[in-house]
Amino acid sequence: MRRRPTLAVLLLLTGCTTGPSLESQGEVTAPPGDSRHLTIGSAGFTESDLLAQMYALLLNQAGYKTSMLTVANRELYEPALESGQIDVVPEYAATFADWLNAKANGADASPVGSPDLDATMKALRQLATPRGLTVLDPGRAVDQNAFAVSASYARQHRLKTLSDLGASGLKVRLAAGDECVQRPYCQPGLEKTYGIDITGVDQKGVGTTQAKQAVQSGQDQMVLTTTTDATLPDFGLVILTDDKHLQNADYVVPVVNRSRAGGEGVTKTLAKLNDALTTSDLASLNQQVDSWRRLATDVARTYLEEKGLLT
(Lines give C-alpha, C1' and ligand atoms only; values in the text may rest on other atoms or scores of the structure.)
Protein backbone atom coordinates (compact mmCIF):
# COMPACT_ATOMS: atom_id res chain seq x y z
CA MET A 1 0.00 0.00 0.00
CA ARG A 2 1.30 3.46 -0.85
CA ARG A 3 2.00 5.68 2.12
CA ARG A 4 1.20 9.38 2.26
CA PRO A 5 4.18 11.73 2.69
CA THR A 6 4.42 13.16 6.18
CA LEU A 7 3.58 16.77 6.82
CA ALA A 8 7.27 17.49 7.47
CA VAL A 9 8.20 16.09 4.10
CA LEU A 10 5.46 18.07 2.38
CA LEU A 11 6.69 21.25 4.03
CA LEU A 12 10.29 20.43 3.10
CA LEU A 13 9.45 19.91 -0.56
CA THR A 14 7.11 22.88 -0.95
CA GLY A 15 10.03 25.12 -1.79
CA CYS A 16 11.51 22.80 -4.43
CA THR A 17 12.42 24.31 -7.74
CA THR A 18 11.27 22.80 -11.01
CA GLY A 19 14.73 22.45 -12.51
CA PRO A 20 17.54 24.69 -13.75
CA SER A 21 16.48 28.24 -14.52
CA LEU A 22 17.16 29.81 -17.90
CA GLU A 23 20.18 31.53 -16.32
CA SER A 24 21.65 28.29 -14.98
CA GLN A 25 20.75 25.70 -17.60
CA GLY A 26 24.35 25.76 -18.84
CA GLU A 27 25.34 24.24 -15.51
CA VAL A 28 23.95 20.86 -16.53
CA THR A 29 27.01 20.46 -18.75
CA ALA A 30 29.38 21.09 -15.81
CA PRO A 31 31.34 18.12 -14.39
CA PRO A 32 29.05 15.79 -12.43
CA GLY A 33 29.25 16.04 -8.65
CA ASP A 34 30.15 13.41 -6.09
CA SER A 35 28.67 14.45 -2.75
CA ARG A 36 29.53 12.03 0.04
CA HIS A 37 26.19 12.63 1.81
CA LEU A 38 23.28 11.43 -0.30
CA THR A 39 19.52 11.34 0.20
CA ILE A 40 17.85 8.31 -1.37
CA GLY A 41 14.22 8.80 -2.35
CA SER A 42 11.44 6.21 -2.30
CA ALA A 43 7.96 6.54 -3.77
CA GLY A 44 6.52 4.76 -0.73
CA PHE A 45 5.33 1.45 -2.16
CA THR A 46 7.04 -1.87 -1.43
CA GLU A 47 9.09 -2.21 -4.60
CA SER A 48 10.35 1.37 -4.48
CA ASP A 49 11.28 0.95 -0.79
CA LEU A 50 13.23 -2.22 -1.59
CA LEU A 51 15.14 -0.62 -4.45
CA ALA A 52 15.91 2.48 -2.39
CA GLN A 53 17.16 0.30 0.48
CA MET A 54 19.45 -1.63 -1.88
CA TYR A 55 20.80 1.62 -3.32
CA ALA A 56 21.50 2.91 0.19
CA LEU A 57 23.23 -0.28 1.35
CA LEU A 58 25.47 -0.40 -1.71
CA LEU A 59 26.35 3.29 -1.44
CA ASN A 60 27.07 2.97 2.29
CA GLN A 61 29.48 0.15 1.55
CA ALA A 62 31.17 2.35 -1.07
CA GLY A 63 31.87 5.02 1.54
CA TYR A 64 28.86 7.31 1.14
CA LYS A 65 26.64 8.41 4.01
CA THR A 66 22.98 8.04 3.11
CA SER A 67 19.59 9.00 4.47
CA MET A 68 16.16 7.92 3.25
CA LEU A 69 13.21 10.11 2.30
CA THR A 70 9.81 8.69 1.36
CA VAL A 71 7.60 10.87 -0.85
CA ALA A 72 4.69 8.94 -2.32
CA ASN A 73 3.98 11.43 -5.08
CA ARG A 74 6.05 11.97 -8.24
CA GLU A 75 4.74 15.54 -8.47
CA LEU A 76 6.70 16.21 -5.26
CA TYR A 77 9.76 13.97 -5.42
CA GLU A 78 10.77 14.74 -9.01
CA PRO A 79 11.19 18.50 -8.37
CA ALA A 80 13.05 17.57 -5.16
CA LEU A 81 15.38 15.45 -7.25
CA GLU A 82 15.99 18.36 -9.60
CA SER A 83 16.75 20.74 -6.72
CA GLY A 84 19.07 18.33 -4.90
CA GLN A 85 16.88 17.72 -1.86
CA ILE A 86 16.79 14.13 -3.12
CA ASP A 87 19.91 12.79 -4.83
CA VAL A 88 18.96 9.31 -6.06
CA VAL A 89 15.62 7.66 -6.77
CA PRO A 90 14.55 4.38 -8.44
CA GLU A 91 12.34 4.97 -11.47
CA TYR A 92 10.80 3.12 -14.43
CA ALA A 93 12.09 4.04 -17.87
CA ALA A 94 8.95 4.38 -20.00
CA THR A 95 6.72 5.77 -17.25
CA PHE A 96 9.26 8.39 -16.21
CA ALA A 97 9.96 9.35 -19.82
CA ASP A 98 6.27 9.96 -20.45
CA TRP A 99 5.92 11.87 -17.18
CA LEU A 100 8.82 14.21 -18.00
CA ASN A 101 7.52 14.59 -21.54
CA ALA A 102 4.10 15.66 -20.29
CA LYS A 103 5.74 18.06 -17.85
CA ALA A 104 7.83 19.63 -20.60
CA ASN A 105 5.37 19.55 -23.49
CA GLY A 106 1.92 19.35 -21.94
CA ALA A 107 -0.48 16.59 -20.94
CA ASP A 108 -1.53 16.03 -24.55
CA ALA A 109 2.02 15.44 -25.81
CA SER A 110 2.48 12.20 -27.74
CA PRO A 111 4.03 9.51 -25.50
CA VAL A 112 7.76 8.89 -25.90
CA GLY A 113 7.86 5.69 -23.84
CA SER A 114 7.56 2.56 -25.96
CA PRO A 115 8.30 -1.19 -25.93
CA ASP A 116 11.69 -0.33 -27.47
CA LEU A 117 14.09 0.08 -24.52
CA ASP A 118 16.82 1.86 -26.51
CA ALA A 119 14.40 4.40 -27.97
CA THR A 120 12.77 4.92 -24.59
CA MET A 121 16.10 5.47 -22.85
CA LYS A 122 17.22 7.93 -25.53
CA ALA A 123 14.03 9.96 -25.13
CA LEU A 124 14.23 9.79 -21.34
CA ARG A 125 17.81 11.05 -21.23
CA GLN A 126 17.02 13.89 -23.64
CA LEU A 127 14.23 15.02 -21.33
CA ALA A 128 16.15 14.50 -18.08
CA THR A 129 19.45 16.20 -18.97
CA PRO A 130 18.13 19.80 -19.24
CA ARG A 131 16.64 19.35 -15.78
CA GLY A 132 19.99 18.50 -14.24
CA LEU A 133 19.18 14.81 -13.98
CA THR A 134 21.23 11.82 -15.09
CA VAL A 135 19.55 8.52 -15.91
CA LEU A 136 21.84 5.56 -15.22
CA ASP A 137 21.77 2.36 -17.23
CA PRO A 138 18.81 0.01 -16.78
CA GLY A 139 19.35 -3.50 -15.50
CA ARG A 140 17.45 -6.72 -16.20
CA ALA A 141 14.45 -6.09 -13.93
CA VAL A 142 11.28 -4.76 -15.53
CA ASP A 143 8.00 -3.93 -13.83
CA GLN A 144 5.46 -3.60 -16.60
CA ASN A 145 1.83 -4.49 -17.16
CA ALA A 146 1.10 -8.19 -17.58
CA PHE A 147 -1.94 -10.36 -18.16
CA ALA A 148 -2.58 -13.55 -16.19
CA VAL A 149 -5.03 -16.43 -16.49
CA SER A 150 -5.67 -19.42 -14.25
CA ALA A 151 -3.12 -22.22 -14.63
CA SER A 152 -5.93 -24.70 -15.31
CA TYR A 153 -7.37 -22.46 -18.05
CA ALA A 154 -3.90 -22.17 -19.62
CA ARG A 155 -3.43 -25.95 -19.56
CA GLN A 156 -6.90 -26.67 -20.92
CA HIS A 157 -6.44 -24.36 -23.91
CA ARG A 158 -2.66 -24.78 -24.32
CA LEU A 159 -1.90 -21.13 -23.70
CA LYS A 160 1.57 -19.76 -23.06
CA THR A 161 1.44 -16.42 -24.85
CA LEU A 162 -1.08 -13.70 -25.59
CA SER A 163 -0.81 -14.73 -29.23
CA ASP A 164 -1.98 -18.20 -28.23
CA LEU A 165 -5.03 -16.67 -26.57
CA GLY A 166 -5.84 -14.56 -29.62
CA ALA A 167 -5.50 -17.54 -31.96
CA SER A 168 -7.75 -19.66 -29.72
CA GLY A 169 -10.83 -17.55 -30.49
CA LEU A 170 -11.88 -17.74 -26.82
CA LYS A 171 -14.13 -15.01 -25.46
CA VAL A 172 -12.44 -13.23 -22.58
CA ARG A 173 -13.82 -11.14 -19.77
CA LEU A 174 -10.96 -9.07 -18.35
CA ALA A 175 -10.56 -7.98 -14.71
CA ALA A 176 -8.80 -4.59 -14.76
CA GLY A 177 -9.13 -0.91 -13.92
CA ASP A 178 -11.78 1.31 -15.47
CA GLU A 179 -9.18 3.00 -17.71
CA CYS A 180 -8.50 -0.32 -19.48
CA VAL A 181 -11.22 0.25 -22.07
CA GLN A 182 -9.31 3.26 -23.42
CA ARG A 183 -5.61 2.61 -22.74
CA PRO A 184 -3.71 1.35 -25.80
CA TYR A 185 -1.81 -1.24 -23.73
CA CYS A 186 -5.03 -2.75 -22.40
CA GLN A 187 -8.31 -3.66 -24.16
CA PRO A 188 -7.64 -1.79 -27.47
CA GLY A 189 -4.11 -3.21 -27.66
CA LEU A 190 -5.15 -6.75 -26.80
CA GLU A 191 -7.77 -6.61 -29.53
CA LYS A 192 -5.64 -4.91 -32.20
CA THR A 193 -2.24 -6.52 -31.54
CA TYR A 194 -3.34 -9.99 -30.50
CA GLY A 195 -6.87 -10.35 -31.85
CA ILE A 196 -8.19 -11.31 -28.41
CA ASP A 197 -11.99 -11.23 -28.17
CA ILE A 198 -12.60 -9.04 -25.08
CA THR A 199 -16.28 -9.26 -24.20
CA GLY A 200 -16.06 -6.82 -21.31
CA VAL A 201 -13.90 -5.26 -18.61
CA ASP A 202 -14.75 -6.17 -15.03
CA GLN A 203 -13.67 -3.01 -13.20
CA LYS A 204 -12.02 -4.54 -10.16
CA GLY A 205 -8.71 -2.66 -10.36
CA VAL A 206 -5.19 -3.54 -11.46
CA GLY A 207 -3.90 -6.66 -9.75
CA THR A 208 -6.22 -6.36 -6.77
CA THR A 209 -7.20 -9.34 -4.66
CA GLN A 210 -10.77 -9.06 -5.94
CA ALA A 211 -9.59 -9.08 -9.55
CA LYS A 212 -7.45 -12.16 -9.04
CA GLN A 213 -10.22 -13.96 -7.18
CA ALA A 214 -12.57 -13.26 -10.09
CA VAL A 215 -10.20 -15.10 -12.45
CA GLN A 216 -9.53 -17.84 -9.91
CA SER A 217 -13.26 -18.53 -9.62
CA GLY A 218 -13.87 -18.39 -13.38
CA GLN A 219 -16.05 -15.28 -13.21
CA ASP A 220 -13.42 -13.59 -15.41
CA GLN A 221 -10.86 -15.24 -17.66
CA MET A 222 -7.91 -12.84 -17.41
CA VAL A 223 -6.56 -10.16 -15.07
CA LEU A 224 -4.36 -7.12 -15.62
CA THR A 225 -1.47 -7.20 -13.17
CA THR A 226 2.31 -6.59 -13.27
CA THR A 227 5.38 -8.67 -14.05
CA THR A 228 6.63 -8.40 -10.44
CA ASP A 229 3.37 -9.59 -8.83
CA ALA A 230 4.57 -12.46 -6.62
CA THR A 231 1.09 -13.35 -5.33
CA LEU A 232 -0.13 -14.94 -8.57
CA PRO A 233 0.67 -18.54 -7.50
CA ASP A 234 -1.46 -17.99 -4.38
CA PHE A 235 -4.45 -17.63 -6.70
CA GLY A 236 -3.39 -20.34 -9.14
CA LEU A 237 -2.62 -17.78 -11.85
CA VAL A 238 0.10 -17.62 -14.51
CA ILE A 239 1.22 -14.78 -16.79
CA LEU A 240 0.81 -15.13 -20.55
CA THR A 241 3.93 -13.89 -22.33
CA ASP A 242 3.61 -10.55 -24.13
CA ASP A 243 5.31 -12.07 -27.20
CA LYS A 244 4.52 -9.14 -29.52
CA HIS A 245 5.76 -6.57 -26.99
CA LEU A 246 2.60 -4.57 -26.48
CA GLN A 247 3.78 -3.21 -23.12
CA ASN A 248 6.19 -0.33 -22.66
CA ALA A 249 9.79 -0.85 -21.53
CA ASP A 250 9.38 -0.06 -17.85
CA TYR A 251 12.83 -1.26 -16.82
CA VAL A 252 14.10 -0.18 -13.42
CA VAL A 253 16.53 2.75 -13.75
CA PRO A 254 18.24 4.84 -11.08
CA VAL A 255 17.87 8.58 -11.66
CA VAL A 256 20.30 10.96 -9.94
CA ASN A 257 20.83 14.66 -9.46
CA ARG A 258 23.83 15.29 -11.73
CA SER A 259 25.44 18.04 -9.68
CA ARG A 260 25.44 15.96 -6.49
CA ALA A 261 25.43 12.29 -7.52
CA GLY A 262 26.30 12.14 -11.21
CA GLY A 263 29.90 11.08 -10.69
CA GLU A 264 31.58 7.80 -11.48
CA GLY A 265 31.39 6.60 -7.88
CA VAL A 266 27.61 6.45 -7.70
CA THR A 267 27.31 5.19 -11.27
CA LYS A 268 29.68 2.26 -10.73
CA THR A 269 28.21 1.39 -7.33
CA LEU A 270 24.61 1.19 -8.50
CA ALA A 271 25.57 -0.58 -11.73
CA LYS A 272 26.43 -3.62 -9.61
CA LEU A 273 22.73 -4.37 -9.38
CA ASN A 274 22.27 -4.51 -13.16
CA ASP A 275 23.61 -8.01 -13.71
CA ALA A 276 22.11 -9.43 -10.53
CA LEU A 277 18.55 -8.15 -10.11
CA THR A 278 15.99 -9.84 -12.37
CA THR A 279 12.25 -9.42 -12.71
CA SER A 280 11.64 -12.69 -10.86
CA ASP A 281 14.05 -11.60 -8.10
CA LEU A 282 12.10 -8.39 -7.66
CA ALA A 283 8.82 -10.30 -7.49
CA SER A 284 10.27 -12.57 -4.81
CA LEU A 285 11.52 -9.61 -2.77
CA ASN A 286 8.10 -7.97 -2.98
CA GLN A 287 6.52 -11.18 -1.74
CA GLN A 288 8.81 -11.36 1.28
CA VAL A 289 7.70 -7.88 2.35
CA ASP A 290 4.02 -7.99 1.39
CA SER A 291 3.18 -11.63 2.20
CA TRP A 292 5.80 -12.65 4.74
CA ARG A 293 5.80 -9.28 6.53
CA ARG A 294 9.57 -8.91 6.57
CA LEU A 295 11.15 -5.46 6.76
CA ALA A 296 12.27 -4.04 3.42
CA THR A 297 15.74 -3.21 4.78
CA ASP A 298 16.25 -6.80 5.99
CA VAL A 299 15.05 -8.28 2.71
CA ALA A 300 17.28 -5.93 0.72
CA ARG A 301 20.34 -6.70 2.85
CA THR A 302 19.84 -10.47 2.66
CA TYR A 303 19.45 -10.35 -1.11
CA LEU A 304 22.61 -8.30 -1.64
CA GLU A 305 24.58 -10.58 0.65
CA GLU A 306 23.36 -13.69 -1.14
CA LYS A 307 24.43 -12.17 -4.47
CA GLY A 308 27.86 -11.33 -3.10
CA LEU A 309 27.28 -7.59 -3.52
CA LEU A 310 27.38 -6.74 0.17
CA THR A 311 29.93 -7.92 2.72
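1. Quick notes on the overall build of the protein chain
Phase 1 of the analysis: A tally of regular secondary structure across the protein chain gives 13 helices and 10 strands.
Phase 2 of the analysis: Scaling as 2.2 N^0.38, a compact globule of 311 residues should have a C-alpha radius of gyration of about 19 Å, and the protein chain matches this with 20 Å.
Phase 3 of the analysis: Each principal axis of the C-alpha atoms in the protein chain carries an extent, and together these give about 60 × 45 × 35 Å.
Phase 4 of the analysis: Every one of the 311 residues in the protein chain was classed for burial, and the buried ones make up 52%.
Phase 5 of the analysis: Summarising the internal contacts of the protein chain: among those between residues at least 6 apart in sequence, 76% fall at separations of at least 24.
Phase 6 of the analysis: A total of about 14,600 Å² of accessible surface is found on the protein chain, and carbon and sulfur atoms cover 49% of it.
Phase 7 of the analysis: Each charge class in the protein chain was averaged separately, 29 positive and 35 negative side chains, and the resulting centres sit 3 Å apart.

2. Quick look at the side chain of Thr225
Phase 1 of the analysis: Considering the arrangement of structural elements, one finds Thr225 in strand S8 (residues 222-226).
Phase 2 of the analysis: For Thr225, the residues in contact, after removing those within four places along its chain, are Gln144, Asn145, Ala146, Ala148, Val206, Gly207, Lys212 and Leu232.

3. So, helix H9 (residues 209-217)
Phase 1 of the analysis: All of the buried residues in H9 are Ala211, Lys212, Ala214 and Val215. Mapping the buried residues of H9 onto a view down its axis gives an arc of 155 degrees, with all of them on the same face.
Phase 2 of the analysis: Of the surrounding elements, those touching the buried residues of H9 are strand S5 (145-150), strand S6 (171-176), strand S7 (197-203), S8 and strand S9 (237-240).
Phase 3 of the analysis: Where H9 terminates, the next one or two residues include Gly218, which has phi positive at roughly 90 degrees.

4. What to know about the pairing of strand S10 (residues 252-257)
Phase 1 of the analysis: Burial analysis of S10 places six of its six residues in the buried class, which makes it a mostly covered element.
Phase 2 of the analysis: Where burial is concerned, the two faces of S10 agree: the one with Val252, Pro254 and Val256 and the one with Val253, Val255 and Asn257 are both buried.
Phase 3 of the analysis: Summarising the sheet, strand S3 (residues 88-92) and S10 pair through five bridges and their orientation is antiparallel. Residue pairing for S10: Glu91 is matched across the bridge by Val253.
Phase 4 of the analysis: Strand direction decides the pairing type here: strand S4 (residues 133-135) and S10, joined by three bridges, are antiparallel. The residue bridging Thr134 from the neighbouring strand is Val256, located in S10.

5. Looking at the packing of helix H3 (residues 74-83) against helix H4 (residues 93-105)
Phase 1 of the analysis: Interhelical geometry of H3 versus H4 gives an angle of 85 degrees and a closest axis separation of 12 Å. Taken together, the axis directions place H3 and H4 in an arrangement best described as roughly perpendicular. Packed against H3, whose contacting residues are Arg74, Glu75, Glu78, Pro79 and Glu82, the element H4 presents Thr95, Phe96, Trp99, Leu100 and Lys103 at the interface.
Phase 2 of the analysis: The residue inventory of the contact of H3 with H4, partitioned by class, reads four nonpolar, one polar and five charged.

6. A closer look at the packing of aromatic side chains
Phase 1 of the analysis: The tally for this structure, following the rule as stated, stands at zero aromatic pairs.
Phase 2 of the analysis: One residue, Arg36, lies across the ring of Tyr64, its end atom 3.9 Å from the ring centre.

7. Some thoughts on the nonpolar core
Phase 1 of the analysis: Judged by nonpolar contacts, the single largest core of 56 residues is most densely connected at Met54, Leu124, Leu273, Leu277 and Leu304.
Phase 2 of the analysis: For this core, the element with the highest residue contribution is helix H2 (residues 46-61), accounting for nine residues.
Phase 3 of the analysis: The next biggest cluster of nonpolar side chains, apart from the first, holds 22 residues, and it includes Leu190, Val201, Met222 and Leu246.

8. Regarding unusual backbone geometry
Phase 1 of the analysis: Phi is positive for Arg158, which is not a glycine, with a value near 55 degrees.
Phase 2 of the analysis: Its location among the elements puts Arg158 in the loop between helix H6 (151-157) and helix H7 (162-168).
Phase 3 of the analysis: For His245, which is not glycine, the phi torsion reads 55 degrees and is therefore positive.
Phase 4 of the analysis: The topology assignment puts His245 in the loop between S9 and S10.
Phase 5 of the analysis: For His245, a relative accessible area of 56% corresponds to the exposed category.

What counts, and at which threshold
- The numbering scheme is per chain: residues are counted from 1 as the chain's sequence reads.
- Per-residue local features are limited, in this predicted model, to residues with pLDDT of at least 70; the limit for side-chain atom pairs, both in listing and counting, is 80 or more; totals at the level of whole chains, interfaces and linings are taken over all residues.
- The basis for every side-chain value is the complete set of heavy atoms in the structure, and neither hydrogens nor water enter the calculation.
- Secondary structure elements follow DSSP: runs of H or I no shorter than four residues count as helices, runs of E no shorter than two count as strands, and numbering proceeds from the N terminus.
- The size measure is the radius of gyration over C-alpha atoms, and the globule rule it meets is 2.2 Å times the number of residues to the 0.38 power.
- A simple rule labels every residue: compare its accessible area, found with a 1.4 Å probe on the protein chains alone, to the largest value its type can have, and call it buried under 20%, exposed over 50%, or partly exposed in between.
- It only takes one pair of heavy atoms within 4.5 Å for two residues to be counted as in contact.
- We get accessible surface area from the Shrake-Rupley algorithm with a probe of 1.4 Å; when it comes to residues, only the shown protein chains can shield them.
- Charged-residue counts in this description rest on Lys and Arg as positive and Asp and Glu as negative, His and the chain ends being excluded.
- Just so you know, the charge point we use is NZ for Lys, CZ for Arg, CG for Asp and CD for Glu.
- In this description, one arc is meant: the one made by directions from the helix axis to the C-beta atoms.
- Strand pairing is defined by DSSP finding a minimum of two bridges between the two strands.
- As a rule, the C-alpha atoms of each element are fitted with a line to give its axis, helices using only the stretch in contact, and angles between N-to-C directions run from 0 to 180 degrees.
- Each angle gets one of four labels, with under 35 degrees taken as roughly parallel, over 145 as roughly antiparallel, 65 to 115 as roughly perpendicular, and the rest as oblique.
- Throughout this entry, Asp, Glu, Lys and Arg are counted as charged residues, while Ala, Val, Leu, Ile, Met, Phe, Trp, Tyr, Cys and Pro are counted as nonpolar. The remaining residues, Gly among them, count as polar.
- The rule is short: rings of Phe, Tyr and Trp, with Trp giving its six-membered ring, pair when the centres are within 6.5 Å, and they are stacked under 30 degrees, edge-to-face over 60, tilted in between.
- Two conditions define a charge sitting above a ring: the NZ of Lys or the CZ of Arg must be within 6 Å of the ring centre, and it must be within 35 degrees of the ring normal.
- Working definition of a nonpolar core: buried Ala, Val, Leu, Ile, Met, Phe, Trp, Tyr and Cys residues. They are joined through side-chain atoms within 4.5 Å.

No statement about biological role is implied by the geometric values presented.
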